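Overview (structure and organization)
What follows is the residue order along each chain.
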Amino acid sequence: MAVAIKINGNTHSVDVDDDTPLLWVLRDVLGMTGTKFGCGMALCGACTVQIDGVATRSCITTVDSLGESEVTTIEAIGSTPAGARIQKAWLENEVPQCGYCQSGQIMSASALLAGNPNPTDADIDDAMSGNICRCGTYVRIRAAIKLAAQSAGNGG
């Protein structure tokens, strides 16, 4: 059955079952491989996208649940103010090690900053708690989020 979904500002018609996870539509149908498969149970955060600006696990989000919502993926997050700041801070702090979890980390961090431009450590912990980094770059992740928040206040 054809389903219309809005992704990164474009509407895509995909011929999939209604209960198909968004992750597989992104990766296998649309070829958008920046969103990663991790656990398949919404526990690791590797598959995080934003749906209407909210960090959401795409591995358990079915296409029929999207309705008119707008999906933003890692491929387009740099075009948002918070996403651009996060990506720049990620590079400046050399956050990635293996890099596998980083698209999900960036999607969660940019959703945090879009809604809370000056997060506390507790805010960061709360927003990032569902994103696992096997390499343990949590200190650099926190530093990058703080740098991105500071750059928003400085017009950067």
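Residues numbered from 1 in each chain as written. Predicted model: local features only at pLDDT ≥ 70, side-chain atom pairs only at ≥ 80, totals over all residues. Heavy atoms only, no water.

Here we look at helix 2 (residues 81-92)
An ideal rise of 1.5 Å per residue puts 16 Å on 12 residues; helix 2 measures up with 17 Å between its terminal C-alpha atoms. What helix 2 keeps buried is the set A82, G83, R85, I86, A89 and W90. The buried residues of helix 2 occupy an angular sector of 160° when the element is viewed end-on, so they sit on one face. Those residues of helix 2 that are exposed and angled more than 90 degrees off the buried face are P81, K88 and L91. Where helix 2 is buried, its residues touch helix 3 (102-115) and helix 5 (138-153). Positive phi appears at E94, one or two residues downstream of helix 2, with a value of about 45°. (Helix = DSSP H or I, 4+ residues; strand = E, 2+ residues; numbered from the N terminus. Expected span 1.5 Å × (residues − 1). Buried < 20%, exposed > 50% of the residue type's maximum accessible area, 1.4 Å probe, protein only. Arc of directions from axis to C-beta. Contact = heavy atoms within 4.5 Å.)

Comments concerning unusual backbone geometry
Even without glycine at this site, N8 takes up a positive phi of about 50°. Structurally, N8 is set in the loop between strand 1 (2-7) and strand 2 (10-15). A positive phi is found at D52, a non-glycine position, where the angle reads about 50°. With respect to the helices and strands, D52 occurs in the loop between strand 3 (48-51) and strand 4 (54-57).

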